Amino acid sequence: MNQKQIEPNNNLPLPVWERVPKWAIPFVVLLIVVLIYFIGQYLVSFILSIYALLAGMNVTAANRWLDNSISAQFFYVLLFESFCVGLLYLTLRHYKRSLKSLGLNRLKIKYGGIAILAYPVYLLIYFIAVIVITHIYHGLNINQGQNIGFNSVHGTLQLVLTFISLVVLPPIAEELLFRGFLYEGLKKAMPPIYAGLLTSVVFAGAHLPEGSSGLFWIGFIDIFSLSLVLVYLKQKTKSLWPGIFLHSIKNLVAFISLFLLSSR
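Described in the following lines is the structure provided in the data block. (Residues numbered from 1 in each chain as written. Predicted model: local features only at pLDDT ≥ 70, side-chain atom pairs only at ≥ 80, totals over all residues. Heavy atoms only, no water.)

**Regarding the packing of helix H5 (residues 155-186) against helix H6 (residues 192-205)**
Relative orientation of the contacting elements H5 and H6 amounts to 140 degrees, with a least axis distance of 9 Å. The handedness of the crossing between H5 and H6 is right-handed. Touching Glu 174, Phe 178, Arg 179, Leu 182, Tyr 183 and Leu 186 of H5 are Pro 192, Ala 195, Gly 196, Leu 198, Thr 199, Val 202 and Phe 203, all from H6. When the residues that make up the contact of H5 with H6 are grouped by side-chain class, the tally is nine nonpolar, two polar and two charged. (Axes fitted to C-alpha atoms, helices over the stretch in contact; angles between N-to-C directions. Helix = DSSP H or I, 4+ residues; strand = E, 2+ residues; numbered from the N terminus. Left-handed = near helix turned anticlockwise from the far one by under 90°. Contact = heavy atoms within 4.5 Å. Nonpolar A, V, L, I, M, F, W, Y, C, P; charged D, E, K, R; others polar.)

**Some remarks on unusual backbone geometry**
In terms of backbone geometry, most residues other than glycine have negative phi values and most peptide bonds are trans. Here the phi dihedral of Lys 238 falls at roughly 60 degrees; this positive angle occurs in a residue that is not glycine. One can find Lys 238 in the loop between helix H7 (217-237) and helix H8 (241-260).

**What to know about a nonpolar patch on the surface**
Judged by side-chain polarity, Leu 31, Leu 35, Ile 39, Leu 43, Phe 46, Ile 47, Ile 50, Leu 53, Leu 54, Val 59, Phe 75 and Leu 79 come together as a nonpolar surface patch covering roughly 1100 Å² of accessible area. Taken together, the elements giving at least two residues each to the nonpolar patch come down to helix H1 (25-54) and helix H3 (70-94). No other element matches the nine residues that H1 contributes to the nonpolar patch. Its place among the elements puts Ile 47 in helix H1. In this structure Ile 47 comes out as partly exposed when scored by relative accessible area, which is 42%. (Patch = residues over 30% accessible without salt bridge, like charges linked within 9 Å, V, L, I, M, F, W, Y side chains within 5 Å. Areas by Shrake-Rupley, 256 points an atom, 1.4 Å probe, with all protein chains shown as cover. Salt bridge = Lys/Arg side-chain N within 4 Å of Asp/Glu carboxyl O. Buried < 20%, exposed > 50% of the residue type's maximum accessible area, 1.4 Å probe, protein only.)

Right, dumping it as structure tokens:
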């Protein structure tokens, strides 16, 4: 009996890293991530500003609302993270791929255990990095605060909105964008160790403007250290879930410290 052979469909669009020369892959994937991440921030800020003006606020009141309102900050994070994931999803769909191709595979209980075990490893790397850098450069401000945009959080509802904005949404979107798309794209052009280092530099650099007074260099060291562990988890498990859980644990510890154990 003759069986029909299934031939590959050569008409499917090639992924972006298979359509450009190998040397250009880092520039292309970096450009895509920068466009998604930074344009998304300005676009969401513009949308919320228009909403505030349509609601009858003047420019000063609108800026005050955007800076101080917990609900405004929540919708900013929600829209921004949704924009990142949505645009990434549309990009992958164009190439007949899914978020699963980035490592968002089936959730397993063991991924939570892996994240818990990885948390002290991240802390150790961070503490060693701070000790070494402060020994070399004495001007590093290790006590610099981070401007996360959530001030004067009061009441259960505001705590819930802040929790979702800091602990739930960013780990999912950022792991998909950085350890999923960026890291996997860079690996097509360079060894995993270099791809991981570059991914970590870009990821930490994206958080530099968040310093309460100047660039957030101590945060850069912190987030860079975290990203090294996140990249390692992605490489070893082939899944984004351990990194998402670790990212959430890190943010949860910060949330508890800032909003439950302090008088902020």
